[in-house]
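Observations on chain architecture
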Amino acid sequence: MHAKLTPEKIDLMDRYLDHELSDQETEAFEKALEEQPEMLGELREYSMFRNSLRFITAQKDFSEAEETYFKYRNNPKSRIVKLLRVITWLLIILTLFVGYLVFSRNDLFEIFLHSFEK
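Scope of this entry: the structure provided in the associated data block. These figures come from a predicted structure and were not determined experimentally.

A few points about unusual backbone geometry
You will see that His 19, though not glycine, has its phi angle at about 60°, which is positive. Along the chain, His 19 turns up in the loop between α1 (7-17) and α2 (23-35).

This is the structure we're talking about:
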């Protein structure tokens, strides 16, 4: 990139590339690009730099997430937690099913109740 890029110019280019300039600012910026070919070259270089930086950052973020996922997936504690969750849900479903069978039919409820009275 050229050394002519100032923080103000970079900010202006960022806002232009992100479509954050007002209509008048956009018109003035595009007019400056037509009048100053070196500025158009700077914009192209800066745009490529921004895209490369986004790609590198996105790849890094993805690799960190992938690494964390595999650490969690291969962790023996996480497998135990998953197994306990499955067992808990199965016990809840079994309890609800037995409760439904016992309390939906009066004769089963009576049999169950009388078995404790003796």
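Things to note about the nonpolar core
One finds Leu 5, Met 13, Tyr 16, Leu 21, Phe 29, Ala 32, Leu 33, Met 39, Leu 43 and Tyr 46 forming the largest nonpolar core, which totals 10 residues. Of all the secondary-structure elements, those providing two or more residues to this core are α1, α2 and α3 (37-73). In this view, Met 39 contacts Lys 9, Met 13, Phe 29, Ala 32 and Leu 33; residues no more than four positions away in its chain are not counted.

Considering the side chain of Arg 50
Take Arg 50: it is sitting in helix α3. What Arg 50 contacts, discounting residues up to four positions off in sequence, is Asp 14, Leu 17 and Asp 18.

What counts and what doesn't
Residues numbered from 1 in each chain as written. Predicted model: local features only at pLDDT ≥ 70, side-chain atom pairs only at ≥ 80, totals over all residues. Heavy atoms only, no water. Helix = DSSP H or I, 4+ residues; strand = E, 2+ residues; numbered from the N terminus. Core = buried A, V, L, I, M, F, W, Y, C linked by side-chain atoms within 4.5 Å. Buried < 20%, exposed > 50% of the residue type's maximum accessible area, 1.4 Å probe, protein only. Contact = heavy atoms within 4.5 Å.

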